[in-house]
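# An overview of the molecular structure
Read off the chains here:
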Amino acid sequence: MNDEQLEELIRTDQYFEVVLWGELDYRGAIVAYNRDAFQVASGDWYIRDVAGVRKL
């Protein structure tokens, strides 16, 4: 996802899924992001180039 898409998810409180190596790893909200990673509500950080993100 690009910065604009992540900003929209944060602003609208939309939920999404994080997929790692083909398996669902997290379902919830994004709270922050930077150039390399994004943070989810549980406090975990995901590397943007590794994690797949799908809007719900």
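The present account deals with the structure reproduced in this document. Here the residue numbering is sequential within each chain, running from 1 through the sequence in written order. Totals for whole chains, interfaces and linings use all residues, but because this is a predicted model, local features are given only for residues with pLDDT of at least 70 and pairs of side-chain atoms are given and counted only at 80 or more. Just so you know, side-chain values use all the structure's heavy atoms and leave hydrogens and water out.

### So, the overall build of the protein
- Looking only at helices and strands, the protein features 1 helix and 6 strands.
- Its helices and strands in sequence order give the protein the pattern α-β-β-β-β-β-β, from N to C terminus.
- Seen through its principal axes, the protein has C-alpha atoms that stretch 25 × 20 × 20 Å.
- For the protein, the residues scored as buried account for 32% of the 56 residues in total.
- Put simply, of all contacts in the protein between residues at least 6 apart along the chain, 37% involve residues at least 24 apart.
- The accessible surface values rely on the Shrake-Rupley method and a 1.4 Å probe; as for residues, cover is taken only from the protein chains in view. For the protein, the exposed area adds up to about 3,800 Å²; of that, 45% sits on carbon and sulfur atoms. Secondary structure elements follow DSSP: runs of H or I no shorter than four residues count as helices, runs of E no shorter than two count as strands, and numbering proceeds from the N terminus. Residue exposure (1.4 Å probe, protein chains only): buried if accessible area is under 20% of the type maximum, exposed if over 50%, otherwise partly exposed. Contacts were defined at the residue level, with two residues in contact if any of their heavy atoms lie within 4.5 Å.

### Focus on unusual backbone geometry
- One non-glycine residue, D13, lies in the positive phi region at around 60°.
- Note on placement: D13 falls in the loop between α1 (3-12) and β1 (16-20).
- Not every positive phi belongs to a glycine, and W21 is a case in point at roughly 50°.
- Secondary-structure assignment places W21 in the loop between β1 and β2 (23-28).

### Description of the side chain of R48
- With respect to the helices, strands and loops of the structure, R48 is situated in the loop between β5 (45-47) and β6 (52-55).
- R48 sits in the buried class, given a relative accessible area of 17%.
- Identification of polar contacts relies on pairs of N or O atoms within 3.5 Å, with a donor-acceptor requirement for protein atoms, meaning one able to donate a hydrogen and the other able to accept it, and with residues adjacent in sequence counted only if both atoms are side-chain atoms. Polar side-chain contacts of R48 include one of 2.8 Å to the backbone oxygen of N34.

These results come straight from atomic positions and should not be treated as a statement about function.
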